[in-house]
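Observations on the three-dimensional arrangement
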2 protein chains.
Amino acid sequence: MLQELCDLTSAMPDRIENLDTPCLLLDPERLDANVDRLRKRLLDRGVGFRPHLKTAKSVEVAKRVMPTASGPATVSTLKEAEVFAGAGVTDLIYAVGIAPSKLGRIVRLRRAGVDIAVVLDSPEQARAVCDASRAADIRIPALIEVDCDGHRSGLLPDDRRNLVAIGKMLNEGAELRGVLTHAGDSYNARGIVECQAHAERERAAAVVAAGILRANGLPCAVVSVGSTPTALYGPDYSGVTEVRAGVFMFFDLVQAGVGDCAIDEIALSVLSTVIGHQRDRGWTIIDAGWMAMSRDRGTAGQAVDQGYGVVCDLEGRPYPDQIVIQANQEHGIVARRPGSVAATLELPVGAKVRILPNHACATAAQHEAYVLVREGSVHGCWPRFGGW
Amino acid sequence: MLQELCDLTSAMPDRIENLDTPCLLLDPERLDANVDRLRKRLLDRGVGFRPHLKTAKSVEVAKRVMPTASGPATVSTLKEAEVFAGAGVTDLIYAVGIAPSKLGRIVRLRRAGVDIAVVLDSPEQARAVCDASRAADIRIPALIEVDCDGHRSGLLPDDRRNLVAIGKMLNEGAELRGVLTHAGDSYNARGIVECQAHAERERAAAVVAAGILRANGLPCAVVSVGSTPTALYGPDYSGVTEVRAGVFMFFDLVQAGVGDCAIDEIALSVLSTVIGHQRDRGWTIIDAGWMAMSRDRGTAGQAVDQGYGVVCDLEGRPYPDQIVIQANQEHGIVARRPGSVAATLELPVGAKVRILPNHACATAAQHEAYVLVREGSVHGCWPRFGGW
């Protein structure tokens, strides 16, 4: 229903309580405040800002988040690259290791005038990028991925042999644009001091790798780092040219657990309706299950486990210690946080609540649109997309 | 890309290895075999079959699964009800507790000739159904939900007071169609004997509640039970009129862990490309992360934890002890199962693999289409939908 409604905003209810549920709500004032916070921080530090659009997958959100209407931006799929390119974004990094079979779509984007760069960490990938560049008679720009924390992909920052071998191949047969790293492990941080340590490790890894390339006569125009915690708390970006981050735009319970946002800065929530009770067990049943919230349980390993989400009233204020303790496909079970002495939630069938998500990227991905809300009123609808 | 390709099947590659990744694959021969197995079983036992279409959310799959082109079928959202009604399905149960605000869409479906029934477990909901029936001058049929295993919603089977109170309200002001229960806890079963015990408990709960209604002079035409494990192994359906199940059509690793299917009966997999390695750690990085697999970790609590999925070759044969041990949004990390002495997977960048999912409903929900494959070849594309 929502996608059609986005095309016909006049048909939307004007109050939250009249929306069909479950439904994804976005508070654009919080979005703007979150974007301003990071943008100003990076501007003050004289480092570039390349927001990651995978969190939003929405042209309207992208326009509010990017430094300019044409970018720069980061994407995690070629579908994102193609949709945002279609909306006028011309400066992109596809920040997932490139597969040779995806280079055809990269070439098509570049021929359409989009400066999209790829990421890689092996000589095989560099060879494929050089082959595709030669075949298309263009130079595909590539960044060498560096592993700063053992999180997943990337060369070790001091892997001189591979850095130089890949760098030389790219410099000759494609375009060596620089290095890129992502402190994925920073999501496990607790508190600002740990975020700062992750940020410094991330920065150092990228700068060391860039130094090796330059010491070997290779260019390294771009030194790209980023994750939401390290973007918000990095003490120093010396040697870094740009910072990437995505979740910061919406924030979520995992980030609140890390300590880089407050609960009332979370811009995203899922509207849900009470559909039953099991009063003997203190349960309220709602129509937001894992299909609406996602299966993400990112707070399970944090100091405060938020279940499948924190339950709020229609204005977005959390009820004391009420969380979604369990989720089936289209059912959520709301109860007191284990160990809490808060009162049981007393809401009748038909009442509506808002649920704050563990992980904004995962929850948003379950929905086809953002309904824009300010306090209790509805202000519009922005479609989002999925797929690859 | 895939949705467009579904409209233009001639443009699809004819070999799996030429598909863009990640991408959801469906083996229609396995689907048909899985459907035949359950259909024959229930036919032999003289009980009705009302497949749950939430697993597939695809008109083409529904046509293969339902007893007839017009149903019967079960749905978990009104969007499903509306899409399947648009495709000619006229016999539906919306098997999630009804919210009063959803009755407008129920009335519209019924006025369009769709016999859709709702489910409820409280006098408040029964009152709302009666009110909506009176306002629309129709009789909305409702089933009273019964809780057979403490899983989530429903009245206790022997809750005479509420059963009779709700039954009388519906009988007078709407239509009391019967009772419904779901042995959600059967997903925690291990082996056939436990599945049989869950099935018998599920049957008994529904039959007891139906008996209470009838003993009080109330009608109970429908006695509806079901879940994949209890549908496949119920020893007896005496007193039951119909069985519901959804996952059985595709199966998945959770069901293999329960013991109600073999690995080579799983009809669904995600095609993925190798995009890198961390050879020191024995890792192969693929482009299927949680966005492609979902965050479902349903096997985590089973005897064999399958991580985010079992890694197979292009023909769908599992590599020994290779699983997706970790997933980020668009990255999966493949490694040996912890404790295994199997050889490390040796596949170059660009190679493709197929990943069997933990939970078919959750993984399919991450995709916009099913690509139909038999062994290594591509035979078409069926779109699927999401939303509410």
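Further up the page is the structure itself.
Attention now moves to the relation of the copies chain B and chain A. Mapping chain B onto chain A calls for a screw motion: a turn of 180° about the axis and a shift of 0.0 Å along it, with 0.0 Å RMSD after fitting. Such a combination of rotation and displacement between the chain copies is what one expects of a two-fold axis. The C-alpha atom lying nearest the rotation axis in chain B is that of R295(B); the distance is 2.5 Å. A share of 100% of the interface residues of chain B reappears at the interface of chain A, consistent with the copies meeting face to face through the same patch.

Taken together, the 61 residues of chain B in the interface contact 62 residues of chain A. Carbon and sulfur atoms supply 51% of the area buried between chain B and chain A, which totals about 4800 Å² over both sides. Where chain B touches chain A, the interface holds 10 salt bridges. Between D287(B) and K102(A) there is a salt bridge, with its nearest N and O atoms 2.6 Å apart. Inspection of the chain B/chain A interface yields 28 residue pairs in polar contact (both at pLDDT 80 or more). Put simply, the parts of the chain that give the side of chain B that touches chain A at least two residues each are α4 (78–86), α6 (123–136), β10 (268–278), β11 (283–286), α11 (290–293) and α12 (360–364) of chain B. When residues of the side of chain B that touches chain A are assigned to their parent elements, the largest contribution, 5 residues, is made by β10(B). Residue classes in the side of chain B that touches chain A are distributed as 18 nonpolar, 24 polar and 19 charged.

Let us now look at the pattern of salt bridges. Counted under the stated rule, the structure contains 48 salt bridges over all chains. With a shortest N-O distance of 2.7 Å, R110(A) and D115(A) are connected by a salt bridge. Its relative accessible area of 22% is what places R110(A) among the partly exposed residues. Residue classification places D115(A) among the partly exposed positions, given a relative accessible area of 24%. E315(B) is the salt-bridge partner of R317(B), the closest N and O atoms lying 3.3 Å from each other. A residue is classified by how much of its surface remains accessible, and E315(B), at 34% relative accessible area, is partly exposed. Ionic contacts of the salt-bridge type, sharing partners, join the residues R110(A), D115(A), E175(A) and R177(A) into one network.

All names here are of chain B. For the coordinates displayed, the defined rule picks out 6 aromatic pairs over all chains. Between the aromatic rings of F49 and F248, the centroid separation amounts to 5.7 Å while the plane-to-plane angle is 65°, which identifies the pairing as edge-to-face. Taken as a pair, F49 in strand β2 (residues 48–49) and F248 in the loop between β9 (242–243) and α10 (253–258) lie far apart in primary sequence, 199 residues in all. Both residues of the pair, F49 and F248, count as buried. Geometrically, the ring pair formed by F84 and F385 is edge-to-face, given 5.5 Å between the ring centres and 65° between the ring planes. On the criterion of sequence distance, the pair formed by F84 in helix α4 and F385 in the segment after β17 (377–383) is long-range, its members being 301 residues apart. Relative accessible area serves as the criterion here: at 15%, F385 is assigned to the buried category. One cation-aromatic arrangement involves R281 over W283; the distance from NZ or CZ to the ring centre is 4.6 Å. The positively charged end of R297 is found above the aromatic ring belonging to Y308, 5.5 Å away from the centroid.

As a further point, take the side chain of N162(B). All names here are of chain B. With respect to the element layout, N162 can be found in helix α7 (residues 160–173). Given the relative accessible area of 16%, N162 is considered buried. A polar side-chain atom of N162 sits 3.0 Å from a polar atom in the side chain of D159. Excluding residues within four positions of it along the chain, N162 makes contact with P123, L155 and G167.

On to unusual backbone geometry. The peptide bond linking T21(A) to P22(A) adopts the cis configuration, its omega dihedral lying at -5°. On the secondary structure map, P22(A) appears in the loop between α1 (2–6) and β1 (23–26). A cis amide bond links G71(B) with the next residue in sequence, P72(B), at an omega value of -5°. Its identity as a non-glycine residue notwithstanding, D137(A) has a phi of 60°, on the positive side. On the basis of relative accessibility, which here comes to 69%, the residue D137(A) falls in the exposed class. One non-glycine residue, E375(B), lies in positive phi territory at about 50°.

Let us look at the sheet that holds strand β7 (residues 175–181) of chain B. Residue and element names in this part refer to chain B. Spatial ordering of the open sheet is given by β2-β9-β8-β7-β6-β5-β4-β3, a layout of 8 strands whose pairing is parallel. Strands with a single pairing partner mark the edges of an open sheet, and in this sheet they are β2 and β3 (73–75). Of the strand pairs in this sheet, β7 and strand β8 (residues 222–225) are connected by 3 bridges, and their pairing is parallel. Opposite G178, over in β8, you have V222 as the bridge partner. Each of β5 (115–120), β6 (141–146) and β7 touches α7; the most contacted strand, β6, lies at about 170° to it.

Here we come to the environment of Q329(A). Within the secondary structure, Q329(A) is located in the loop between β13 (318–327) and β14 (332–336). Exposure remark for Q329(A): the relative accessible area of 5% places this residue in the buried category. Considering only alpha carbons, one finds Q329(A) and A183(A), 146 residues apart in sequence, at a separation of 32 Å. If we skip the residues at most four places from it in the chain, Q329(A) touches G289(A), W290(A), M291(A), K54(B), K57(B), S76(B) and C361(B).

Moving on, we get to helix α6 (residues 123–136) of chain A. The end-to-end C-alpha separation of α6(A) is 20 Å, in line with the 20 Å expected for 14 residues at 1.5 Å each. Turning to α6(A), its buried residues number three or more, namely Q125(A), A126(A), A128(A), V129(A), C130(A), A132(A), S133(A) and A136(A). Residues of α6(A) that are buried make contact with α5 (103–111), β5 (115–120) and α7 (160–173) of chain A together with β10 of chain B. Where α6(A) terminates, the next one or two residues include D137(A), which has phi positive at roughly 60°.

Residue and element names in this part refer to chain B. One can describe the packing of α6 onto α7 by two numbers: an axis separation of 9 Å at closest approach and a directional angle of 5°. When the axis of α6 is compared with that of α7, the two are roughly parallel. Counting all contacts with α6, which are made through P123, A126, R127, V129, C130 and S133, the residues of α7 involved are N162, I166, M169, L170 and G173.

Cut-offs used in this document
Residues numbered from 1 in each chain as written. Chains lettered and ligands numbered in written order. Predicted model: local features only at pLDDT ≥ 70, side-chain atom pairs only at ≥ 80, totals over all residues. Heavy atoms only, no water. Least-squares fit on C-alpha atoms with pLDDT ≥ 70 in both. Contact = heavy atoms within 4.5 Å. Buried area = accessible area lost by both parts, 1.4 Å probe. Salt bridge = Lys/Arg side-chain N within 4 Å of Asp/Glu carboxyl O. Polar contact = N/O pair within 3.5 Å; in protein donor to acceptor, adjacent residues only side chain to side chain. Helix = DSSP H or I, 4+ residues; strand = E, 2+ residues; numbered from the N terminus. Nonpolar A, V, L, I, M, F, W, Y, C, P; charged D, E, K, R; others polar. Buried < 20%, exposed > 50% of the residue type's maximum accessible area, 1.4 Å probe, protein only. Phe/Tyr/Trp six-rings, centres within 6.5 Å; stacked < 30°, edge-to-face > 60°. Lys NZ or Arg CZ within 6 Å of the ring centre and 35° of its normal. Pairing = 2+ DSSP bridges. Axes fitted to C-alpha atoms, helices over the stretch in contact; angles between N-to-C directions. Expected span 1.5 Å × (residues − 1). Parallel < 35°, antiparallel > 145°, perpendicular 65-115°, else oblique.

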